[in-house]
Amino acid sequence: MLRQISDGKVKELVLVPARREVLVRYTDGRKATVPILINDQQVLRTAESAGVPLTVKDIRGDQAMAGLVGNVALILIVVLGLSFLLRRSAQVANRAMGFGRSQPRVKPQDDLTVRFEDVAGITEAKDELQEVVTFLREPESFIRLGAKIPRGVLLVGPPGTGKTLLAKAIAGEAGVPFFSMAASEFVELFVGVGASRVRDLFRQAKDKSPCIVFIDEIDAVGRQRGAGIGGGNDEREQTLNQLLTEMDGFADNSGVILLAATNRADVLDTALMRPGRFDRRIYVDLPDRRGREAILSVHARSRPLDDGVDLSDWAIRTPGFSGADLANLLNEAAILTARDQVAAIGNAQIERALERITMGLTAAPLQDNAKKRLIAYHEIGHALVAALTPHAGKVDKVTLLPRSGGVGGFTRFWPDEEEIDSGLLTRASLKARLVVALGGRAAEMVVFGSGEVTQGASGDLQMVSQLAREMVTRFGFSELGPVALESGGNEVFLGRDLMNARPSYAESTGKAIDGQIRDLAKHALQQAVALLESRRSTMDQLVEALIAEETLHTERFMELAGLTSA
Ligand code: ADP
């Protein structure tokens, strides 16, 4: 290469000491890289003498630069990655915290079409709430007189009695927006969300005032605080506290009226019931006979009824039905009518609908003769004993048409109107019920012998034990005297009642109670057996007729039994 330099063939030299090489550019345009020793003075000198321009290039700066860029890029990537991750988790957290705030669900219903005339059978409640409507319509007349309208009204009653309907009717009558929420919707997985939902609901309600806020099943949040086992439920209690605070925060007559529904007023926190909160309680009970008739006619308005249908008759036959049950009855009847392709709902369809609701769907008729005969004797036992016992209900029908759920047949009685209307039961009628309930077992004993009785009577026996226990421990209908030994009905409310659930009588009294219950049941069975034993042939006749006809109605039954229907 040195020779080439001195020969003048090289045009330029670039020395790169860091790489220990020389870039050679020849005069004919070629290029080449030639390695050199680090301190190669020879090249320098030769180039100098030949007059070839030589530059020394220091690339350490470039290298350092490249390293720096690489490092910066790495740091940037790490920082970006981290911030991405942070953002992601912040979004998740935001979404969690935003549960309470984003409330697309609470939307007021503005133009409700429900009116008071659509609510029937609960006249007292309706009258009480009339003044709320008047207030919402013309608040001035109340304010002028210095009257404060209740802020909270608690509607207490069994499910399906029309509490929601009533609240809607108030909003509809007054023409104000209606906010509705189930208390269980407040309670969430995250503590604090319920409270923020309550705030949100009230904020919206105040914006829209005057309005009605309806909280269904308030016992979901309004239960007594501190009544749970092992401490309370923080979230629920916070929600309740927030609710109480919001109610206190209302100015008087602010136009927001809170209605809440529950069927367990006994478990509610007393703080909820303080004046200024839910200080007004309205009981919405199951409708009585006249109420049922009114409810039936409300629901019959939109449905074509056959001329032969007497709604008061059906009101008598549906004791214990709530408004919702009655609405359902007519709806089922309408479905059956459509299926029958008849123009109007008739008695036959309502009858079938009633049985569907009370007894379940019909199942295939029994084929097995022996089994059918046994069931027939059992049912005839109930019916005949009832027909022969004073104070017992009148037989409506006995049938062998089975229902789903293992019911082989059943006997139905006419409800006693007097009893239903007054709600009072006499000792004699309760005793008669025991006898009738055991009529099935008695018939099996009389016909097949006590070794052949079946477990088919287990439902009857359960009913008998329960009724007899109530007669002894609650109604004072036994030799133990007029003492109430147990309090009625309410289920244990966790925590509070569990501690107090001990019986309030001595052990010996417990034994005496059991003895009395057994006596009542035994006597009833003996009475039923005695009644049937002397009428074996009547029973056989009735059973043959029942098997042949499958269903016996009042008149036919009485005729066959040789009794005049009175
Ligand atoms: P609750 O809130 O007491 O559980 P609802 O108000 O939701 O009962 O009642 C359910 C349905 O039953 C109503 O939509 C209505 O069709 C019917 N219903 C209940 N009670 C009555 C009543 N008193 N009058 C007319 N319809 C009723």
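Provided above is the structure to which this section pertains.
Residues numbered from 1 in each chain as written. Predicted model: local features only at pLDDT ≥ 70, side-chain atom pairs only at ≥ 80, totals over all residues. Heavy atoms only, no water.

K.L.:
Would you take a moment to explain the sheet that holds strand β5 (residues 152-156) for this structure?
P.N.:
The strands that make up a sheet are held in pairs by hydrogen bonds between backbone atoms, and each pair lies either parallel or antiparallel. One open sheet holds the five strands; their spatial order is β6-β7-β8-β5-β9, and the pairing between them is parallel. Only two strands of the sheet have a single partner each, and these edge strands are β6 (178-182) and β9 (280-283). Adjacent strand axes in the sheet meet at a mean angle of 20 degrees, parallel and antiparallel pairs treated alike. Of the pairings in the sheet, the one linking β5 to β9 comprises four bridges and is parallel in character. Looking at the pairing, Leu154 lines up with Arg281 of β9. Taken strand by strand, helix α7 (residues 193-208) contacts β6, β7 (211-216) and β8 (256-262), and its axis lies near 170 degrees from that of β6. (Pairing = 2+ DSSP bridges. Helix = DSSP H or I, 4+ residues; strand = E, 2+ residues; numbered from the N terminus. Axes fitted to C-alpha atoms, helices over the stretch in contact; angles between N-to-C directions. Contact = heavy atoms within 4.5 Å.)

K.L.:
Is there a simple way to think about a negative patch on the surface in this case?
P.N.:
Judged by side-chain charge, Glu124, Asp127, Glu128, Asp285 and Asp288 come together as a negatively charged surface patch. Its place among the elements puts Asp285 in the loop between β9 and α10 (289-300). Judged by its relative accessible area of 52%, Asp285 is exposed. (Patch = residues over 30% accessible without salt bridge, like charges linked within 9 Å, V, L, I, M, F, W, Y side chains within 5 Å. Areas by Shrake-Rupley, 256 points an atom, 1.4 Å probe, with all protein chains shown as cover. Salt bridge = Lys/Arg side-chain N within 4 Å of Asp/Glu carboxyl O. Lys, Arg positive; Asp, Glu negative; His and termini not counted. Charge placed at Lys NZ, Arg CZ, Asp CG, Glu CD. Buried < 20%, exposed > 50% of the residue type's maximum accessible area, 1.4 Å probe, protein only.)

K.L.:
Is there a simple way to explain the layout of surface pockets in this structure?
P.N.:
Over the atoms rolls a probe the size of a water molecule, and in doing so it shows where empty space is left. Counted as a void, the largest pocket has a volume near 1,400 Å³. Lining the largest pocket are 43 residues, and of these Phe410, Thr411, Arg412, Phe413 and Met463 sit closest to its centre. Of all elements in the fold, only α13 (347-359), α14 (369-388), β11 (410-414), α16 (427-437) and α18 (458-473) reach the threshold of two or more residues within the lining of the largest pocket. Among the elements that line the lining of the largest pocket, the one with the most residues is α14, at six residues. In terms of residue class, the lining of the largest pocket is built from 19 nonpolar, 14 polar and ten charged. When residues of the lining of the largest pocket are assigned to domains, at least three map to each of domain 3 (289-359) and domain 4 (369-489 + 503-561). (1 Å grid on protein atoms, 1.4 Å probe; cavity = no way out; pocket = protein on both sides within 12 Å on 5 of 7 lines; lining within 4 Å. Points joined across faces, edges and corners; volume = space filled by probe spheres on them. Nonpolar A, V, L, I, M, F, W, Y, C, P; charged D, E, K, R; others polar. Domains from an automatic or database assignment.)

K.L.:
Looking at this model, I keep getting lost on the side chain of Ser322. Mind explaining?
P.N.:
Checked against the element boundaries, Ser322 lands in the loop between α11 (311-316) and α12 (323-340). For Ser322, the residues in contact, after removing those within four places along its chain, are Pro159, Gly160, Thr161, Leu286 and Pro287.

K.L.:
Before we go on, may I ask you to explain the sheet that holds strand β2 (residues 21-26) in this structure?
P.N.:
Strands sit in the order β3-β2-β1-β4 across an open sheet of four strands; the sheet is mixed. The open sheet has two free edges, formed respectively by β3 (31-35) and β4 (54-56), since each of these has just one partner strand. With strand direction ignored, the average angle separating the axes of adjacent strands in the sheet is 20 degrees. For β2 and β3, the ladder comprises five bridges, and the chain directions are antiparallel. In the sheet register, Val22 faces β3, and the bridge partner there is Val34.

K.L.:
Sorry if this is basic, but what is going on with the pattern of salt bridges here?
P.N.:
Side chains bearing opposite charge may pair, as long as their charged atoms lie close to each other. Overall, the coordinates contain 23 salt bridges when judged by the stated rule. With a shortest N-O distance of 3.3 Å, Arg536 and Asp540 are connected by a salt bridge. Taken together, the residues Arg536 and Asp540, both in helix α21 (residues 536-549) and four residues apart, mark about one turn of the helix. Of the residues examined, Arg536 reaches a relative accessible area of 32% and is grouped as partly exposed. A relative accessible area of 25% places Asp540 in the partly exposed class. Residues joined by salt bridges that share partners form a network here, namely Arg317, Glu351, Glu355, Asp396, Lys397 and Arg412.

K.L.:
Just to check I follow, could you spell out the site of the ligand for this structure?
P.N.:
As a structural note, the neighbourhood of the ligand is formed by 15 residues, with Ala120, Gly160, Lys163, Thr164 and His299 the closest of them. Between the ligand and the protein, one listed contact pairs an oxygen atom with a backbone N or O atom of Thr161 at 3.3 Å. Here the ligand has 560 Å² of accessible area as a free molecule, and 79% of this is covered by the chains. Elements supplying a minimum of two residues to the shell around the ligand: α6 (163-174), α10 and α12. It is α6 that provides the largest number of residues to the shell around the ligand, a total of three residues. In terms of residue class, the shell around the ligand is built from seven nonpolar, six polar and two charged. Three or more residues apiece are contributed to the shell around the ligand by two domains, here domain 2 (105-283) and domain 3 (289-359). (Near = heavy atom within 4 Å. Polar contact = N/O pair within 3.5 Å; in protein donor to acceptor, adjacent residues only side chain to side chain.)

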